[in-house]
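Here is what each chain is made of, one letter per residue.
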Amino acid sequence: MSLIETITDVDNTFLSRRELTCNFAGLAGKLKKLEAVDMVTKEFKLDGKVVIPMRLQTHVGKPIVTGTFFVYEDEGLAKKHVNPTIFSRLEKSKAKLAEAEAAEAPAEEKAAEAPAEEKAAEAPAEEAPVEESKEEGKSE
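Here we summarise the structure given alongside this text. (Residues numbered from 1 in each chain as written. Predicted model: local features only at pLDDT ≥ 70, side-chain atom pairs only at ≥ 80, totals over all residues. Heavy atoms only, no water.)

A surface patch of like charges, here positive, comprises Lys 33, Arg 89, Lys 92 and Lys 96. Top element by residues in the positive patch is helix α3 (residues 84-139). It accounts for three residues. With respect to the helices and strands, Lys 92 occurs in helix α3. (Patch = residues over 30% accessible without salt bridge, like charges linked within 9 Å, V, L, I, M, F, W, Y side chains within 5 Å. Areas by Shrake-Rupley, 256 points an atom, 1.4 Å probe, with all protein chains shown as cover. Salt bridge = Lys/Arg side-chain N within 4 Å of Asp/Glu carboxyl O. Lys, Arg positive; Asp, Glu negative; His and termini not counted. Charge placed at Lys NZ, Arg CZ, Asp CG, Glu CD. Helix = DSSP H or I, 4+ residues; strand = E, 2+ residues; numbered from the N terminus.)

Take the sheet that holds strand β3 (residues 50-59) next. Here we have four strands laid out as an open sheet, ordered β1-β2-β4-β3, and antiparallel in their pairing. What marks the edges here is a single partner per strand, and that holds for β1 (4-12) and β3. On average, adjacent strands in this sheet sit at an angle of 15° to one another, irrespective of strand direction. Here β3 pairs with strand β4 (residues 62-72) via nine bridges, running antiparallel. Counterpart to Ile 52 in the pairing with β4 is Phe 70. Packing of helix α1 (residues 33-43) onto the sheet brings it into contact with β1, β2 (17-25), β3 and β4, and relative to β3 it is tilted by some 115°. (Pairing = 2+ DSSP bridges. Axes fitted to C-alpha atoms, helices over the stretch in contact; angles between N-to-C directions. Contact = heavy atoms within 4.5 Å.)

Another point: the pattern of salt bridges. Overall, the coordinates contain four salt bridges when judged by the stated rule. Taking the shortest distance from any N to any O, the salt bridge between Glu 73 and Lys 49 comes out at 3.2 Å. With Glu 73 in the loop between β4 and α2 (75-81) and Lys 49 in the loop between α1 and β3, the pair connects residues that are 24 residues apart, well separated along the chain. By relative accessible area, which is 34% here, Lys 49 ends up partly exposed. For Glu 75, the salt bridge identified is with Lys 79, shortest N-O distance 3.7 Å. (Buried < 20%, exposed > 50% of the residue type's maximum accessible area, 1.4 Å probe, protein only.)

On to α1. For α1, every residue scored as buried is listed here: Leu 34, Ala 36, Val 37, Val 40 and Thr 41. Down the axis of α1, the buried set is contained in an arc of 155°. They therefore lie on one face. The positive-phi residue at the C-terminal boundary of α1 is Lys 45, with phi of around 55°. (Arc of directions from axis to C-beta.)

Among the structural elements, Asn 23 can be located in strand β2. The buried category is assigned to Asn 23, whose relative accessible area is 15%. For Asn 23, the side chain forms a polar contact with the side chain of Thr 66, separated by 2.7 Å. (Polar contact = N/O pair within 3.5 Å; in protein donor to acceptor, adjacent residues only side chain to side chain.)

This next bit is on the packing of aromatic side chains. Enumeration over the complete set of coordinates arrives at one aromatic pair. With a centroid separation of 6.1 Å and 75° between ring planes, the pair formed by Phe 24 and Phe 69 is classed as edge-to-face. Residue Phe 24 is located in strand β2, and its partner Phe 69 is located in strand β4; the two are separated by 45 residues in the primary sequence. A residue is classified by how much of its surface remains accessible, and Phe 69, at 0% relative accessible area, is buried. Between the NZ or CZ atom of Arg 17 and the centre of the ring of Phe 70, over which it lies, the distance is 3.8 Å. Lying across the ring of Phe 87, Lys 79 places its NZ or CZ 5.7 Å from the centre. (Phe/Tyr/Trp six-rings, centres within 6.5 Å; stacked < 30°, edge-to-face > 60°. Lys NZ or Arg CZ within 6 Å of the ring centre and 35° of its normal.)

Structure follows, in C-alpha cells:
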C-alpha cells in the first residue's frame, strides 16, 4: 500500500506542465515540502524534471495532507509561470537542509574520533588525582 493516493493528474498542454494533486495518508503535521517532492518524484518516476510543490493542505480531524504539484520539463519555463517567491522559499529550505547535513557530517567524524581521544584523555585524568594528593600532603 502506497502512502500516496492520486486525486487528479492533468496534462496542461497550454502551460506545458503536468498538474498533480495527491493525498498523503497519515503524514499530517509531519510532511515537509521537500520530502513531498522526493516522494512524488519517486512515485511517478519524474527524475530529471522540475517538480514544484504549490500547496500542502492538511484536513481538520483527518491525518491526510493534500498536495498540489506542478511538473515542468524546463526550469526556465517554470520560472516564467510560477511566482518567484515560491522558488526563493524552496532555495531557502534547500540551503537549510544542506547546512544541517554539513553540520551533521563533522559531528559524525568527531564522534568517530572521540573514542580515541577519550582513551587518551582518560589516562592523564587518572594520574591527575594522584598528583593532587601528593601536593595536598606537602602543603599540610
